[in-house]
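So you can see what is in the structure, the chains are spelled out below.
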Amino acid sequence: MTATTPTTSAPTDSTATASTTVTHWIDGAERASTGDAEQPVFDPSTGEVIGAVALGSVDDVDTAVASAARAAESWGQLSLAKRAGVLFRFRELLVAHTDELAALVSREHGKTIPDAKGEIGRGLEVVEFACGIPQLLKGELSDQAATGIDVFSWREPLGVVAGITPFNFPVMVPLWMAPVAIATGNAFVLKPSERDPGASLFLARLWQRAGLPDGVFSVVQGDKVVVDALLHHPDVAAVSFVGSTPIARYVHDVAAAQGKRVQALGGAKNHGVVLADADLDDAADQLVAAAYGAAGERCMALSVAVVEESVADALVERLAARARSVKVSAGDQPGAEMGPVITAAAKARIEGLIDSAEAEGATLVVDGRGYVVPGYENGFFVGPTLVDHVSPEHTVYEEEVFGPVLDVVRVSGLAEAIEVVNANPYGNGTAIFTASGEAARTFRRGVKVGMVGVNVPIPVPVAWHSFGGWKDSLFGESHVYGPEGIRFYTRGKVVTQRWPHRDAGPAAVSFHFSGDAQK
Ligand code: NAD
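Every value quoted in this text rests on a predicted model; they were computed, and no experiment measured them.

Parameters at a glance
Residues numbered from 1 in each chain as written. Predicted model: local features only at pLDDT ≥ 70, side-chain atom pairs only at ≥ 80, totals over all residues. Heavy atoms only, no water. Helix = DSSP H or I, 4+ residues; strand = E, 2+ residues; numbered from the N terminus. Rg over C-alpha atoms; globule rule 2.2 N^0.38 Å. Buried < 20%, exposed > 50% of the residue type's maximum accessible area, 1.4 Å probe, protein only. Contact = heavy atoms within 4.5 Å. Areas by Shrake-Rupley, 256 points an atom, 1.4 Å probe, with all protein chains shown as cover. Lys, Arg positive; Asp, Glu negative; His and termini not counted. Charge placed at Lys NZ, Arg CZ, Asp CG, Glu CD. Axes fitted to C-alpha atoms, helices over the stretch in contact; angles between N-to-C directions. Parallel < 35°, antiparallel > 145°, perpendicular 65-115°, else oblique. Left-handed = near helix turned anticlockwise from the far one by under 90°. Nonpolar A, V, L, I, M, F, W, Y, C, P; charged D, E, K, R; others polar. Pairing = 2+ DSSP bridges. Core = buried A, V, L, I, M, F, W, Y, C linked by side-chain atoms within 4.5 Å. Domains from an automatic or database assignment. Expected span 1.5 Å × (residues − 1). 1 Å grid on protein atoms, 1.4 Å probe; cavity = no way out; pocket = protein on both sides within 12 Å on 5 of 7 lines; lining within 4 Å. Points joined across faces, edges and corners; volume = space filled by probe spheres on them. UniProt positions renumbered as here; feature names shortened; annotations may be inferred.

(A) Broad picture of the overall build of the protein chain. In terms of regular secondary structure, the protein chain is built from 16 helices and 23 strands. Scaling as 2.2 N^0.38, a compact globule of 519 residues should have a C-alpha radius of gyration of about 24 Å, and the protein chain matches this with 25 Å. Over its C-alpha atoms, taken along the principal directions, the protein chain stretches across nearly 85 × 55 × 40 Å. Out of the 519 residues in the protein chain, the part that is buried amounts to 57%. Put simply, 73% of the contacts in the protein chain that link residues at least 6 apart link residues at least 24 apart. For the protein chain, the computed accessible surface area is about 20700 Å², with 53% contributed by carbon and sulfur atoms. Put simply, the protein chain has 41 plus and 62 minus side-chain charges, and the middle of one group is 8 Å from the middle of the other.

Dropping the structure here:
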């Protein structure tokens, strides 16, 4: 197989526009569903329906996986140099089309344009990592491991692998998976979120224009029906999932029971610890951006400030002032710092959790309920919300809010802060703000969390490290992208090899396992 001829023209026909239904991408082309199920896609800033998404069937999954299986046969045999060439071209196209893609993401998701560009940039990093696949897949050789015997090992692709992704990063999360899966020689079937499906087809067209053979990247739109069909399909060798904890647990358990390799990343409750010696203005700036950016709809959002009591009043005062001044508007409005949440149901749920905080005795310092953005009265907006005197028993603390709500938990010092972080069932990310290297070291060594920031609020690892949480934030062994991603999408093979020496007479033979004669 050779990669198809790339082009660099714009994927103008790829966006989810009003009145269109976002369909599947199978065998290198848009394909309608076999059934007629679909659901609306909204512009969260206006509350208007801007299109629809097809909800695929078991038949659609079968068609996509069959196409992927055919494509995987030859793609996995293609030289590393040719595969890397496709990745490099995809990288160029992604850079060239960032503005269009960011506008599409902002429209369907609601996040600001700079934030959408930011997520594309973080996905691009993984593409660039995967461009190094010839180096990343270099095997190992033990020359003369025993007399006349060489041993060498390398890793081979799995075949067809699936990715199931959440709404909050419709570009970045698919790009945590697909570039690594494809670079390692697999065919990748994506099941994106049905709430903002347009980016998946945009990416599909870019892959095609980069020269990726048909069937190596496919998209099946849909909901649980499609997910279950992928989890049960005998030709899907591995499943990568990112989403909420209950679904992550379900996907992990079902896929593992089917004998599949699975990595399932779940939800989070990320604590930002502020010690008394921290620069409080800097900590407040960082916390506000990390709590309210993307309307709190980030798995690495800091949703809890754990503050040393002696500086808590001073910090809360700073947080409140900043929360009140966040510029909330539609994602495409100049200067907007925060957009709406994804759906009317999400808005109602978040406001219900703020109700519960008030009813359960926490102190509502800044209340984002009933927030109205002039000109966008029907948008799904929740204003920045700050809740003080939160304790771990409060519902607003127990639940992953996934909205612009920052809880403040007051503690006596570092030891209690670490206890609070570790008592939480999630373990995705955390951060500490301090001027003390000693305290930071104690914290980073003591917390049972997968990703830790020291004066860095959202410590999403760069692409050549791997991303993943602990405890209820990850089910399965493997983190995504980086070195763990390479291992996840491949399996090892080892050859032990001897070439008989004609002049040396017959080789020594032993009836005993690993006999001395071989050494
Ligand atoms: P979600 O769990 O509702 O959906 C994720 C995916 O699962 C979607 O593709 C969806 O169609 C599918 N799905 C939903 N319900 C299902 C069911 N019953 N059976 C099978 N499949 C189902 O998550 P979401 O609301 O789209 O995304 C937000 C969640 O994702 C948050 O909890 C957030 O923390 C988490 N998240 C985690 C990470 C991480 O790296 N750990 C990253 C991003 C988002």
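(B) Structural context of the packing of helix α3 (residues 98–109) against helix α7 (residues 198–209). Close contact between α3 and α7 brings their axes to 9 Å; oriented N to C, the two are set at 160 degrees. The angle between α3 and α7 places the two elements in the roughly antiparallel class. Between α3 and α7 lies a crossing whose hand is right-handed. Across the interface between the two elements, Glu100, Leu101, Leu104, Val105 and Glu108 from α3 touch Gly198, Ala199, Phe202 and Leu203 from α7. A breakdown of the residues in the contact of α3 with α7 according to their chemical character gives six nonpolar, one polar and two charged.

(C) Layout of the sheet that holds strand β5 (residues 48–54). Pairing is mixed across the open sheet formed by three strands, whose spatial order is β1-β5-β4. Since the sheet does not close on itself, it has two edges, and those belong to β1 (21–22) and β4 (38–43), each with one partner. Seen against the sheet, α3 touches β4 and β5 and runs at an angle of roughly 105 degrees to β4.

(D) Quick look at the nonpolar core. Of all hydrophobic cores here, the largest spans 72 residues; its most connected members are Leu94, Leu101, Trp176, Phe188, Phe217 and Phe467. In terms of residue count, the dominant contributor to this core is helix α6 (residues 172–183) (10 residues). Built from parts of two domains, this core gets at least three residues from each of domain 1 (24–266 + 473–493) and domain 2 (270–454). Setting aside chain neighbours within four positions, we find Phe467 in contact with Trp176, Leu265, Cys299, Met300, Asn428, Met451, Val460, Pro461, His479, Val480 and Tyr481. Counting 68 residues, the second largest nonpolar core, distinct from the first, contains Ala320, Ile342, Ala357 and Ala417.

(E) Structural view of helix α9 (residues 245–257). Between its first and last C-alpha atoms α9 spans 18 Å; for 13 residues at 1.5 Å apiece the expected length is 18 Å, and the two agree. Every buried residue of α9 is listed here: Thr245, Ala248, Val251, Val254 and Ala255. At its buried positions, α9 is contacted by α8 (224–232), β11 (236–242), β12 (261–265), β18 (426–427) and β22 (474–475). One or two steps after α9, the chain reaches Gly259, where phi turns positive at roughly 80 degrees.

(F) Representation of empty space enclosed by the protein. Scanning all chains against the criterion turns up four cavities of 30 Å³ or more. Taken as a whole, the largest cavity spans an internal volume of roughly 90 Å³. Contributing to the lining of the largest cavity are 13 residues, with Ala268, Gly296, Ser303, Glu400 and Phe402 lying nearest its centre. The computed volume of the second largest cavity comes to approximately 50 Å³. Looking at the lining of the second largest cavity residue by residue, the class counts come to six nonpolar, three polar and one charged.

(G) Spatial organisation of the UniProt feature "domain: Aldehyde dehydrogenase" (unreviewed entry) in the protein chain. Within this numbering scheme, the UniProt entry marks residues 37–495 as carrying the feature "domain: Aldehyde dehydrogenase" (unreviewed entry). For residues 37–495, helix accounts for 42% and strand for 22%, while the C-alpha atoms at its two ends are 50 Å apart.

(H) Layout of the environment of Leu287. Here Leu287 shows up in helix α10 (residues 280–292). Taking relative accessible area as the criterion, Leu287 reaches 0% and is therefore assigned buried. Remark: the alpha-carbon pair of Leu287 and Ser200, spanning 87 residues in sequence, is separated by 31 Å. Filtering out sequence-adjacent residues up to four positions away, Leu287 remains in contact with Gly272, Val274, Leu302, Ala305, Leu315, Leu319 and Phe433.

(I) Looking closely at the layout of surface pockets. Considering only enclosed or pocket space, the largest pocket measures out at about 870 Å³ in volume. Around the largest pocket, the lining is made up of 39 residues, and of these Phe167, Arg195, Gly243, Ser244 and Ile247 lie nearest the centre. Elements with a contribution of two residues or more to the lining of the largest pocket: α6, α8, β11, α9 and α12 (344–359). At four residues, the largest contribution of residues to the lining of the largest pocket is made by α12. Formed jointly, the lining of the largest pocket draws a minimum of three residues from each of two domains, domain 1 (24–266 + 473–493) and domain 2 (270–454).

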